[in-house]
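Topology and contacts: notes
Residue strings, one per chain:
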Amino acid sequence: MRKVSIFGATGSIGQSTIDLIARDPDAYQVVALSGGRNVAQLAADARRLNAQVAVTAFDDCYDDLKAALAGSGIEAAAGAGAMDGAAKRPADWVMSAIVGAAGLKPGLLALEQGATLALANKESLVCAGELVRRTAAQNGGTLLPVDSEHSAVFQALIGEDRAAVERVIITASGGAFRDWSLDQMAAATPEQAATHPNWAMGQRITIDSASMFNKALEVIETHELFGFREDQIEVVVHPESLVHALIGFSDGGIMAHLGPADMRHAIGFALHWPERDHVPVERLDLTQIGALTFRAPDETRYPALRLAREVMQAGGLMGAVFNAAKETALDGFLGHRIGFLQMAEVVEEVLARLSSDPCLTNDTMTLESVLETDQMARQTAETVINDLQT
Ligand code: NAD
Ligand code: MG
């Protein structure tokens, strides 16, 4: 039996992962499940999968979790130390599906055990790509992409000569506001931004899709995972969300990856890799789909894409600055402190204020330096948000 753990088990990706694992209970031994405040869901899944331990990230949720697991024999734990402890438990395959920079440390601890890390948490790679890759390489860990575009790139590259790749194209649905005017976007509410035309996802990534910050993170993720240069990575708006990525080769040929807009395809691929096994997703009927359309993203509407390219050119810890500023700006938007378009203004201003710090582009990357940078960028973003409000 394969030992598996799921971090962020109660979220959208976590629940899709549990759906696949629960279909084949004899194949998996579930070590740890982690979640946030949705303790009832966490306990119910821990019981269903007979996990060894269930961990909530929040100390004040401990009593509720303990009560919900009473009589099950499943260990309950809470808080940052317990999250680290769960990540240190040996597992063969670990799903990294916490949202935000909070997913970085558990993923690194799992890689230190030599686990295969199925990485939905793209923020880890944006903040600390070099550290994540180094940790995997030094400990015999394996990184597998779960983001749909990156799973698609990974699949399209199987058996191919990397040196023959000219370019990589990742697609973007365009999110909730793809047909809105800039004036409409300026007045958009969090509720409007949190509805996605094609995918059912967590609230934060859904809003990041509307602002294209999600795609901006994914451009950096493509660079960090596969080593392609910034100028080799293109973004194309594809409203149908069925072609997830394309690889252009030196002979002019293009390999495209298609699949249904259901994350269980990419999760299932990572779960079964290096084999392919049955995954219960819809089979596409191209005659029903009829047409696939593509258009260039309008960078004036989506400054996040330009900012991502600047961050990649700067390198070092600027990815950690970018992600933390983005997370703080999103909190500002969710709290009705800034408007939708002001999120990019905040991130751009934080990058401008911190880019002159030579430590951020030259220092060796450690978990401590990444977390310090993350804190500094969050504080700077708070200042910028306050300045915008006054
Ligand atoms: P979600 O909001 O639905 O779930 C997030 C999970 O993280 C929950 O289990 C929550 O309890 C946990 N969590 C939140 N804050 C935490 C903290 N501080 N400490 C520990 N745990 C915490 O999010 P999601 O949509 O499932 O996305 C998860 C990750 O996967 C994100 O990095 C996202 O970018 C990525 N991703 C998601 C999708 C998708 O379809 N949902 C697709 C591609 C990539
Ligand atoms: Mg994606």
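Calculation notes
- Residues numbered from 1 in each chain as written.
- Chains lettered and ligands numbered in written order.
- Predicted model: local features only at pLDDT ≥ 70, side-chain atom pairs only at ≥ 80, totals over all residues.
- Heavy atoms only, no water.
- Donors = N, O, S within 2.8 Å, 3.2 Å for Na, K, Ca; no water.
- Helix = DSSP H or I, 4+ residues; strand = E, 2+ residues; numbered from the N terminus.
- Buried < 20%, exposed > 50% of the residue type's maximum accessible area, 1.4 Å probe, protein only.
- Patch = residues over 30% accessible without salt bridge, like charges linked within 9 Å, V, L, I, M, F, W, Y side chains within 5 Å.
- Areas by Shrake-Rupley, 256 points an atom, 1.4 Å probe, with all protein chains shown as cover.
- Salt bridge = Lys/Arg side-chain N within 4 Å of Asp/Glu carboxyl O.
- 1 Å grid on protein atoms, 1.4 Å probe; cavity = no way out; pocket = protein on both sides within 12 Å on 5 of 7 lines; lining within 4 Å.
- Points joined across faces, edges and corners; volume = space filled by probe spheres on them.
- Nonpolar A, V, L, I, M, F, W, Y, C, P; charged D, E, K, R; others polar.
- Domains from an automatic or database assignment.
- Core = buried A, V, L, I, M, F, W, Y, C linked by side-chain atoms within 4.5 Å.
- Contact = heavy atoms within 4.5 Å.
- Near = heavy atom within 4 Å.
- Polar contact = N/O pair within 3.5 Å; in protein donor to acceptor, adjacent residues only side chain to side chain.
- Pairing = 2+ DSSP bridges.
- Right-handed = clockwise from strand over helix to strand, strands pointing away.

Focus on the coordination of the magnesium ion (ligand 2)
Each donor-metal-donor angle in an ideal tetrahedron of four donors is 109.5 degrees, and each such angle in an ideal octahedron of six donors is either 90 or 180 degrees. Surrounding the magnesium ion (ligand 2) are the protein donor atoms Asp147 (OD), Glu149 (OE) and Glu218 (OE), at 2.1 to 2.2 Å. Donor residues for the magnesium ion (ligand 2) sit on one chain with the sequence pattern D-x1-E-x68-E. Highlighted residues: Glu149 in helix 7 (residues 148-157) and Glu218 in helix 11 (residues 213-226), separated in sequence by 69 residues. The residues Glu149 and Glu218 share a single accessibility class, namely buried.

Quick notes on a nonpolar patch on the surface
A contiguous nonpolar surface patch, about 340 Å² in accessible area, is contributed by Leu258, Leu286, Leu292 and Phe294. Of note, Leu258 is situated in strand 11 (residues 254-258).

Details of empty space enclosed by the protein
Under the defined criterion, the tally for this structure stands at three cavities of 30 Å³ or more. Empty space within the largest cavity amounts to approximately 50 Å³. Around the largest cavity, the lining residues are Met185, Ser211, Phe213, Arg301, Pro303, Phe340, Leu341, Met343 and Ala344. For the lining of the largest cavity, the per-class residue count stands at seven nonpolar, one polar and one charged. Each of domain 2 (150-289) and domain 3 (315-389) contributes no fewer than three residues to the lining of the largest cavity. Roughly 40 Å³ of internal volume is contained in the second largest cavity. Lining the second largest cavity we find Ser148, Ser151, Trp199, His244, His257, Pro260, Asp262, Met263, His265 and Ala266. Elements represented by at least two residues in the lining of the second largest cavity include exactly helix 7 and helix 12 (264-272).

Quick word on the nonpolar core
Counting residues in hydrophobic clusters, the biggest one holds 132 residues, and the most contacted among them are Met95, Phe322 and Phe340. It is helix 15 (residues 318-334) that contributes the most residues to this core, nine residues altogether. Once you skip the residues sitting within four places of it in the chain, Phe322 turns out to touch Val126, Phe213, Ala216, Leu217, Ile220, Ala304, Leu307, Ala308, Val311, Val347 and Leu351.

A word on the site of ligand 1
In the region of ligand 1, 23 residues are neighbours, and Thr10, Ser12, Gly36, Glu123 and Gly202 sit closest. Here Gly11 contributes a backbone N or O atom positioned 3.1 Å from an oxygen atom of ligand 1. Contact distances for ligand 1 include 3.4 Å between an oxygen atom and a backbone N or O atom of Val99. Contact with the protein chains covers 84% of the free accessible surface of ligand 1, which is 830 Å².

Some thoughts on the pairing of strand 2 (residues 28-35)
The side chains of a regular strand alternate, first on one face of the sheet and then on the other. Most of strand 2 sits inside the fold, with seven of its eight residues counted as buried. Judged from the five bridges that link them, strand 1 (residues 2-7) and strand 2 form a sheet pairing that is parallel. Following the sheet pairing, Phe7 is matched in strand 2 by Ser34. Taking the sense of rotation as the criterion, the β-α-β connection linking strand 1, helix 1 (residues 12-22) and strand 2 turns out right-handed. In this sheet, strand 3 (residues 53-56) lies alongside strand 2 in parallel orientation, the contact comprising four bridges. Of the residues in strand 3, the one forming a bridge with Gly35 is Thr56. Of the crossover connections in this fold, the one passing from strand 2 over helix 2 (residues 39-49) to the parallel strand 3 is right-handed.

From the geometry alone we can't say anything about function, so treat these as descriptive.
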